[in-house]
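Chain and residue survey
This is what each chain is made of:
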Amino acid sequence: MAAPAADTTIALDDAGILSQVARADAAEIGGARYMRVQTSNASVRTLATRLATDHVANLRQVTDAAATLNVTLPAVDTATAAPAGLQGLSGAAADSAWVQQEIDDHTATIDKLQNTLLPAAAGTGVKALLQNTIPVLRAHLAAAQVAQKHVGH
């Protein structure tokens, strides 16, 4: 999940937390789908496929948690889209930039989940969702670090 930008308009209650996570998952899904199609690098394609699959699953869990809490999530767009910062890049330059972006995003997201969202979560279901998401994001970070060794810097 891309690190949700600091948004002072979204409360740090369970509804706001789920909204932030849903938006971040959607951004990850769109970017990963884009890279899966655009790259010719097997390591980048493998990473993109894993991120798309895992973030789709996480978005489904977020949606289910929101339904349980009777929370309406904002509409999210999971359409395939070029990640910010990749416009005008192609080939190894795009691969390298995207993998670095994923390393940065996952590092920031893990920090935000552990230090901001998890402490603010009130419901046990939301807390459990966040706690279960952190190891997946750590695995994504590790996979991105491995992929980085296989792309031009």
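Residues numbered from 1 in each chain as written. Predicted model: local features only at pLDDT ≥ 70, side-chain atom pairs only at ≥ 80, totals over all residues. Heavy atoms only, no water.

Considering helix α2 (residues 42–68)
A rise of 1.5 Å per residue sets the reference length of α2, with its 27 residues, at 39 Å; its end C-alpha atoms lie 39 Å apart and thus fit the reference within 8%. For α2, the complete set of buried residues consists of Val-44, Leu-47, Ala-48, Leu-51, Ala-52, His-55, Asn-58, Leu-59, Val-62, Ala-65 and Ala-66. Against α1 (14–38), α3 (91–120) and α4 (124–148) lie the buried residues of α2. One side-chain oxygen of the residue at the start of α2 lies 2.8 Å from the amide nitrogen of Ser-43, identifying that residue as Asn-41. Downstream of α2 by a residue or two, Asn-70 has a phi angle that is positive, lying close to 60°. (Helix = DSSP H or I, 4+ residues; strand = E, 2+ residues; numbered from the N terminus. Expected span 1.5 Å × (residues − 1). Buried < 20%, exposed > 50% of the residue type's maximum accessible area, 1.4 Å probe, protein only. Contact = heavy atoms within 4.5 Å. Polar contact = N/O pair within 3.5 Å; in protein donor to acceptor, adjacent residues only side chain to side chain.)

A short note on unusual backbone geometry
Both trends apply: most residues other than glycine have a negative phi, and most peptide bonds are in trans. With phi around 60°, Asn-70 is a residue other than glycine that occupies positive phi space. A relative accessible area of 72% places Asn-70 in the exposed class.

Observations regarding the packing of α2 against α3
Two elements in contact, α2 and α3, have axes whose closest approach is 11 Å; the angle formed by their N-to-C orientations is 40°. Between α2 and α3, the crossing angle belongs to the class labelled oblique. Of the two possible hands of crossing, α2 and α3 adopt the one that is left-handed. Within the contact between the two elements, α2 uses Val-44, Leu-47, Ala-48, Leu-51 and His-55 and α3 uses Asp-95, Trp-98, Val-99, Glu-102 and His-106. When its residues are assigned to classes, the contact of α2 with α3 shows six nonpolar, two polar and two charged. (Axes fitted to C-alpha atoms, helices over the stretch in contact; angles between N-to-C directions. Parallel < 35°, antiparallel > 145°, perpendicular 65-115°, else oblique. Left-handed = near helix turned anticlockwise from the far one by under 90°. Nonpolar A, V, L, I, M, F, W, Y, C, P; charged D, E, K, R; others polar.)

Focus on the nonpolar core
Counting residues in hydrophobic clusters, the biggest one holds 38 residues, and the most contacted among them are Leu-18, Leu-47, Trp-98 and Leu-130. At the level of secondary structure, the elements contributing two or more residues to this core comprise α1, α2, α3 and α4. When sequence neighbours within four positions are dropped, the list of residues in contact with Leu-47 reads Trp-98, Val-99, His-140, Ala-143, Ala-144 and Ala-147. (Core = buried A, V, L, I, M, F, W, Y, C linked by side-chain atoms within 4.5 Å.)

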